[in-house]
Every structure is written in structure tokens, then in C-alpha cells.
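Chain by chain, the residues run as shown.
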Amino acid sequence: MSFEVRERDLMGRIGILETKSGKITTPALLPVVNPTRLVVPPSSIRRMGCECIITNAMITLKRLPDEARSRGIHGALDFNGVIMTDSGAYQLMVYGELDINQEDIIRFQEEIGSDIAVILDVPSGGAKNREEAEEAVKETLLNAEKSLSQRRRSDILWVGPVQGSPYPDIVKLCAAEIGKMPFNLYAIGSVVQLMESYSFDVLVDVVMAAKQNLPLEKPVHLFGAGHPMMFSLAVAMGVDLFDSAAYALYARDGRYMTPYGTQKFSELKYFPCSCPICLEYTPQELIKEPEHEREKKLAIHNLYVSLSEVQAIRQAIIDGRLWELLEARSRSHPSLLEGLRRLCGYSRYVAKFNPSIKKRAILFFSSESIKRPEVSLHLEKLEKLPRPDEVEVLVILPEPSSRPFYRSKERRILERSLNLSEASKRKIQFAFKSSFFGLIPEEVEDVYPLSQHLGVPDILYAKEHIASAAYTFIERHDYKLVVFPVENDQEDEKIEEVCRRKGIVLTKIQLPEKGRKKWKKLGEALTEIMKCTHPEYTT
Ligand SMILES: [Zn+2]
């Protein structure tokens, strides 16, 4: 088995996973197929471009054991792609104790020729408290350990389940332990309740707790991912595979999926979709179809929407625009926005995996945008940026109107009005205020994406952002003098505070509101200041 990563964005990746029935491209959605109730035939799912499906080994064993054994799971389901079987842990949770043990279910998955198979885990999702969740993890780990000697086929990809949800600290322990065992894939379980209650913030903590403690090179599956509007969030956290029964469950309830939410089919006057079903029927026509036909066609539509969202995510990874997609989707529901905000808290960690250079400029839309990993990485680098040897003075400059700032007309006006010797100029370090990156020292402005971005600054957040970046930058470096144009109180207070604390002389310059005059005056004022503080270097 091999898992080869081809492209990356955030923690998301496009990979090729090799199985005994062929290769699949990840991130991949595995539609859940109930072997006893095929709403959409697996062969039709295959024709929709889907490379893999997931079915339940426990139900297959109970309801069609002979057929599955004699024809294999691929023959029984008439699907010539990749088939993953879930052990049936979810049934264990819903129906309580089952009279099947782990060895039986492992053997059965081997007999029917699953491509990807799961050991018998104990879901923590049904736990009433922490103790029960810990107990579920203990049993899961015990099963995982035992499975190593119970497995006979080595051409099957074995999945090590991570339980402990909704408690991130228990998930962390489980992931760290099971991550040491030789599994081909790992899967995060017991998140369905979090999805159903729209607790996307907790979901982020759970998935990140698992991802931070599992081997990085192994693919990770998320059980029960549900609605397409959250797929991008899962992929951004490094989830490579996910299954969903939602397309069929929603269809049964007459719910019509869109990438940004769900609508009651009966309330639709128009179909906002161009899949074959929505092109062939109007809602008025489809509602007249017999119930089972309507359910099937709605399920097909829901599946198209889910699969095309996966395609959109893959393309976003190639374009380096996964964060932008994530922000767009997070506007579908307030709970998803909460999920994104929680992910912002992991921005520095995510930055470790995010490519340092992308093909396209990055886009800023909101206060969440300034928490994206590129910004976190820049702020982290600012703290460590060495101060050029001769520099004694930090001059913070207003934000020019064009990028790169050092080539802007404002910066050129400033340069022309500076009447200083070269030796004197070498004493000065210039840093521009940036609504998106906080503070950009002039000498690093060519580093991606400090000049390669577009955005609409959120004035409220920008001031705080600049103030905090300037504070940290001054705190980490030793200057004799900081020169600072007065623009707003928030920045003033922060910079005054840090200069006072570090014993740095601070000179504030009052500037006209706008235009050329502002930059000309800045150059003149700076010339005067340098003549007073560094007379030996001035002309
Ligand atoms: Zn459609």
C-alpha cells in the first residue's frame, strides 16, 4: 500500500491511495451504501465518477453473509471500484451489545474481500461522561492490539480507529497510542453527534487533537462527515477520506442539499443546480413522481452536490485557495463560522504544513482572514527577524496605496524629502503598517505573500492587528529610537507602552490627514529628528 501526496494547501492534501482494487484520489468522499436498502445502486454511484464506497460489515454479515462470501463484496454490491467496510461499531452503539466478536468481524471482512477494513472499535459517542469515553478508548486500544495478530490478509488496508470524542484530551491519548501501532490508515470516530448538533467548534478540537498525534504520512478518515458544506473544513484539517450517508438520509426526509445548506424540497420553486436530475425535472414535476422514485432522484442530486464539492476542494488545493473556500463556506451557517474561528486558533500549527509559496495571490475578506496561516507565519518570523547590524532607529510608516509598498509613489515621495547621508540612512529600519500582516519591514516585502495579496481591510480589526504586531516587533528587538506617525489611539497606546517598558525613546510625528503632503512632511520630520539624534552622520 502506498499513499503519495501530490499537492498541499493548509493541512489538506491531494493524494493517491493505492488499494488492491485500484488507486483512488484523495480527498475522497465514500458514499455510505446500506446493503439491504440500495437507494442509489452502487453501479450508478460508480458512473457518477465515484471511485469508492463504504458499507457496513456487520449488516452484511447479518443479512447477506452467503452472497457476500460467494461473490465477494464487490460482486454482491455490483461495484467495481474500491470498497471500504466499517466494522459495525456504530450499530454496537445504537443497538447495544451484539453477539459478534472482533475476530469474527475481521475474518468476515477478509472473506468478502474488503479493500479497506476497520477493526471493532467501541464508539465513545454514546458515552454519558468522561469515564465512559475513557473506557471506550481502553477497549478500542485493546482490540487494536489484538487485531495485529488476528489479521491474516496483508493486501487489505487496515484502519486504526481513534475514539474519545467529544473529549479532545481523550482523543489525543487514543491517537497517540494507536498511532504507534502498524495501521495503514487511521479514522476518527464518534463525531456524528457533533455534526448533528452543529458543534463544529468542538469538532475542530477533536479532529485537531487526533491529527496532531497521528503519524503525518498516513491517510486519515473521518467517520460520518455528513453535509458537503463542512467538507472543506475537514480537508483543511488534514482529513483525506470521509464517508457520508447524508445524501440518502436527507433524501428520505425530502431535503435538498446545496454546497451552502439544505432546503426542504417541497419549498423549492427552482433548482439551483445543473446536475442531470435538476436539468431534467422542475421541482413541480419531481414532486409528482412516486415517492420511492422521488427519494432516489433526490438522493442522486444530493450525491452530485457532495461529489462536486469534493472536486471544488481538490481544485482549491491546487490553486492554493482552500482558505478562501473555507471562508466562503463558513458563511453558510453561524456554527460553521464558529468552527472556522476555532481553527484560527490552530493557525500557527497549520502554517507548518501550508506551502510557503502559492500560485496565486491570497485574498482577505474578513476578520478571520487575518488569522490565516500565512499571517501567523509572518508574525512568527517577525519575532525572529534579525535586526540589520547598523540599525538604531525604527521608523513605522503608514500603509501606502499600492504594493509592493517600497515601490509605491508614497514611499518615493518620502525618499525624495529625506535629506540624509547614506551612513545616516543605514541607521534606519523602515516598516510599513499593514492591515493584513500587521507590520511589514521593508527588507522582507518581497517574501510571498507580503506583496501578493488583495483584500478589503476590516478597519476595526486592522488597528488592533497593527498595534499588536508593532508591540511584539519592538519588544523583540533593541532600538534606541522609534519614530511613529500618529494615526490612531489604539496603536499609540500600545507602542508607547512597549517603548516605555524597554526604555526606548519614542518620537511621534503629527501628520496631515492624507496625500502627498503627509509623506513629504514625514520625510522632513525624519530628517530633523536624525539631525538631532545622530548629528555625526547627517550631511
Ligand atoms: Zn441537482
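Note that the coordinates shown come from a computational prediction; the quantities given were computed from them, not determined experimentally.

## Let's talk about the domain arrangement of the protein chain
Interfaces are often described in size by the accessible area the parts lose on coming together. Annotation of the protein chain at the domain level lists domain 1 (3–250 + 333–351) and domain 2 (362–533). Domain 1 and domain 2 are separated by 48 Å when their C-alpha centres are compared. Contacts between domain 1 and domain 2 engage eight residues on the former and seven residues on the latter. Elements with a contribution of two residues or more to the side of domain 1 that touches domain 2: helix H16 (334–344) and helix H17 (347–351). If you tally residues by element for the side of domain 1 that touches domain 2, the top one is H17, at four residues. A per-class count over the side of domain 1 that touches domain 2 returns five nonpolar, one polar and two charged.

## Observations regarding the packing of helix H15 (residues 322–330) against H16
Relative to each other, H15 and H16 sit at 145°, their axes nearing to 8 Å. Along its contact with H15, which presents Leu326, Glu327, Arg329 and Ser330, the element H16 presents Leu336, Leu337 and Leu340. In the contact of H15 with H16, the residues fall into four nonpolar, one polar and two charged.

## Here's the deal with H15
Among the nine residues that make up H15, seven are buried, leaving the element largely enclosed by the rest of the structure. Summarising the contacts, the buried residues of H15 are in contact with strand E1 (3–9), strand E2 (12–19), helix H10 (231–236), helix H14 (291–319) and H16.

## Considering helix H5 (residues 102–111)
Within the sequence span of H5, burial applies to Ile105, Ile106, Phe108 and Gln109. Projection of H5 onto a plane perpendicular to its axis shows the buried side chains occupying an angular sector of 160°, all on one side. One or two positions beyond H5, positive phi appears at Gly113, with a value near 75°.

## Here's the deal with the sheet that holds strand E5 (residues 52–56)
Pairing within the closed barrel is parallel, and its eight strands lie in the order E4-E5-E6-E7-E8-E9-E10-E11. With strand direction ignored, the average angle separating the axes of adjacent strands in the sheet is 25°. In this structure, strand E4 (residues 28–33) lies alongside strand E11 (residues 241–244), joined through four bridges in parallel fashion. Counted as the bridge partner of Pro31 is Ser244 from E11.

Cut-offs applied
- Residues numbered from 1 in each chain as written.
- Predicted model: local features only at pLDDT ≥ 70, side-chain atom pairs only at ≥ 80, totals over all residues.
- Domains from an automatic or database assignment.
- Contact = placed C-beta atoms within 7 Å.
- Helix = DSSP H or I, 4+ residues; strand = E, 2+ residues; numbered from the N terminus.
- Nonpolar A, V, L, I, M, F, W, Y, C, P; charged D, E, K, R; others polar.
- Axes fitted to C-alpha atoms, helices over the stretch in contact; angles between N-to-C directions.
- Buried ≥ 20, exposed ≤ 12 C-beta atoms within 10 Å, placed from the backbone.
- Arc of directions from axis to C-beta.
- Pairing = 2+ DSSP bridges.

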